[in-house]
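# Results of the structural survey
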Amino acid sequence: MKLTKFTHACVRIEKDGKVLVLDPGTFSETDVALAGADAVLITHEHGDHIDVGAVTAALLADDELQLYAPDGVAATLRDKAPAASARIHTAAEGDELEVAGFAVRCFGGQHALIHAQIPVVANIGYLIDANVYHPGDSFAVPDGIEVGTLLVPIHAPWNKIGEVVDFVISVRAPRAFPVHDGLLNEMGVGLVEAHVTRIGARYGTEYRHLSSGDSVEV
């Protein structure tokens, strides 16, 4: 599979002529990421993970495009694009899906705690083809599987460096790449990635930096 990183949390995965896009949010280059997409996976409702306007437009422009998201997100999109409602599906923890030729398993269930006075929302982590795991905004470790490629939320209002490192060494994927880095400047990214690279390597994880627009084969 070819994996392309976009700004912040969005990634595009291509295989055998099919395109799967995860979390095309308002911080990302959604027009490029969604171009020619066959399916979209949304981890949760926050704007940095779904640009509702762009996703709605994509659903209305392509009557083959399929979308999977937690129930609340799916309901919102059905209201915005009733003509596409049959192609907007609910994803829940434990689901195993066939999405545009990709095998998808759903993990987690809720967003990491930001603050006691901020409601916790639904969050689904997606494992693609028993290989690539996008956790959304959660450090829930997928159980009963081996992850080949881990997408690591490098920075967020809900995490700290120690938790990022512990997530990487708990999953112990052979490969790891960054997501959720849009709020950091170069110094911040370098600081966090240095810890993840050094400590992750002790547990068998090779971490590699990707900038927006970079692609890798996984």
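The notes below deal with the structure included here. This is a predicted model, so every value here is computed, not measured.

### Details of the pairing of strand β2 (residues 11-15)
When strand β1 (residues 2-5) meets β2, the two strands line up antiparallel, connected through four bridges. Following the sheet pairing, L3 is matched in β2 by I13. Between β1 and the antiparallel strand that follows it, β2, lie five residues; H8 among them carries a positive phi value of about 70 degrees. The pairing of β2 with strand β3 (residues 18-22) spans five bridges and is classified as antiparallel.

### Concerning the sheet that holds strand β9 (residues 122-128)
The strand order β7-β8-β9-β10-β11-β12-β13 describes an open sheet built from seven strands, whose pairing is mixed. The open sheet is flanked by β7 (96-99) and β13 (206-207), the only strands paired with a single partner. Here strand β8 (residues 102-110) pairs with β9 via seven bridges, running antiparallel. Each residue of the ladder has a partner; that of V104, found in β9, is I128. Contacting β10 (132-134) and β11 (149-153), helix α4 (residues 161-171) runs over the sheet at an angle of about 165 degrees to β11.

### Considering empty space enclosed by the protein
Evaluation of the coordinates by the stated rule reveals one cavity of 30 Å³ or more. Each pocket or cavity is described by its volume, and for the largest cavity that value is around 30 Å³. If you go around the largest cavity, the residues you meet are H46, H111, A112, I114, I118, P119, V120 and V121.

### Focus: the environment of D51
Relative to the elements of secondary structure, D51 occurs in the loop between β4 (39-41) and α2 (52-61). Along the chain, D51 and S28 lie 23 residues apart, while their C-alpha atoms are 8.6 Å from each other. For D51, the residues in contact, after removing those within four places along its chain, are P24, G25, T26 and T30.

### A word on unusual backbone geometry
One non-glycine residue with positive phi stands out, namely H8, at about 70 degrees. Assignment of secondary structure puts H8 in the loop between β1 and β2. Given a relative accessible area of 1%, H8 falls into the buried group. Although it is not a glycine, D23 adopts a positive phi angle of roughly 55 degrees. If you trace the backbone, D23 turns up in the loop between β3 and α1 (30-34).

### Quick notes on the side chain of T4
On the secondary structure map, T4 appears in strand β1. The class for T4 is buried, based on a relative accessible area of 8%. A polar contact is formed between the side chain of T4 and the side chain of S215, at a distance of 2.6 Å.

### Comments concerning the pattern of salt bridges
This model, assessed by the stated rule, comprises four salt bridges. One salt bridge in this structure joins D181 and K5, with 3.2 Å as the shortest N-O distance. Taken as a pair, D181 in the loop between β12 (175-179) and α5 (186-202) and K5 in strand β1 lie far apart in primary sequence, 176 residues in all. Here D129 ties to K15 by a salt bridge, and the two come within 2.7 Å at their closest N and O atoms. Here D129 is found in the loop between β9 and β10, whereas its partner K15 is found in strand β2, with 114 residues between them in sequence. A relative accessible area of 23% means that D129 is categorised as partly exposed.

### Concerning the packing of aromatic side chains
Under the defined criterion, the tally for this structure stands at three aromatic pairs. On the numbers, 6.1 Å between centres and 85 degrees between planes, the contact of F107 with Y133 is edge-to-face. Of this pair, F107 sits in strand β8 while Y133 sits in strand β10; the two residues are 26 residues apart in sequence, bridging distant segments of the chain. Classification of F107 by relative accessible area gives buried; the value is 7%. Taken together through their ring pairs, the aromatic side chains of F139, W158 and F167 make up a single cluster. K15 extends its terminal NZ or CZ atom over the ring of F102, reaching a point 4.9 Å from the ring centre.

What counts, and at which threshold
- Residues numbered from 1 in each chain as written.
- Predicted model: local features only at pLDDT ≥ 70, side-chain atom pairs only at ≥ 80, totals over all residues.
- Heavy atoms only, no water.
- Pairing = 2+ DSSP bridges.
- Helix = DSSP H or I, 4+ residues; strand = E, 2+ residues; numbered from the N terminus.
- Contact = heavy atoms within 4.5 Å.
- Axes fitted to C-alpha atoms, helices over the stretch in contact; angles between N-to-C directions.
- 1 Å grid on protein atoms, 1.4 Å probe; cavity = no way out; pocket = protein on both sides within 12 Å on 5 of 7 lines; lining within 4 Å.
- Points joined across faces, edges and corners; volume = space filled by probe spheres on them.
- Buried < 20%, exposed > 50% of the residue type's maximum accessible area, 1.4 Å probe, protein only.
- Polar contact = N/O pair within 3.5 Å; in protein donor to acceptor, adjacent residues only side chain to side chain.
- Salt bridge = Lys/Arg side-chain N within 4 Å of Asp/Glu carboxyl O.
- Phe/Tyr/Trp six-rings, centres within 6.5 Å; stacked < 30°, edge-to-face > 60°.
- Lys NZ or Arg CZ within 6 Å of the ring centre and 35° of its normal.

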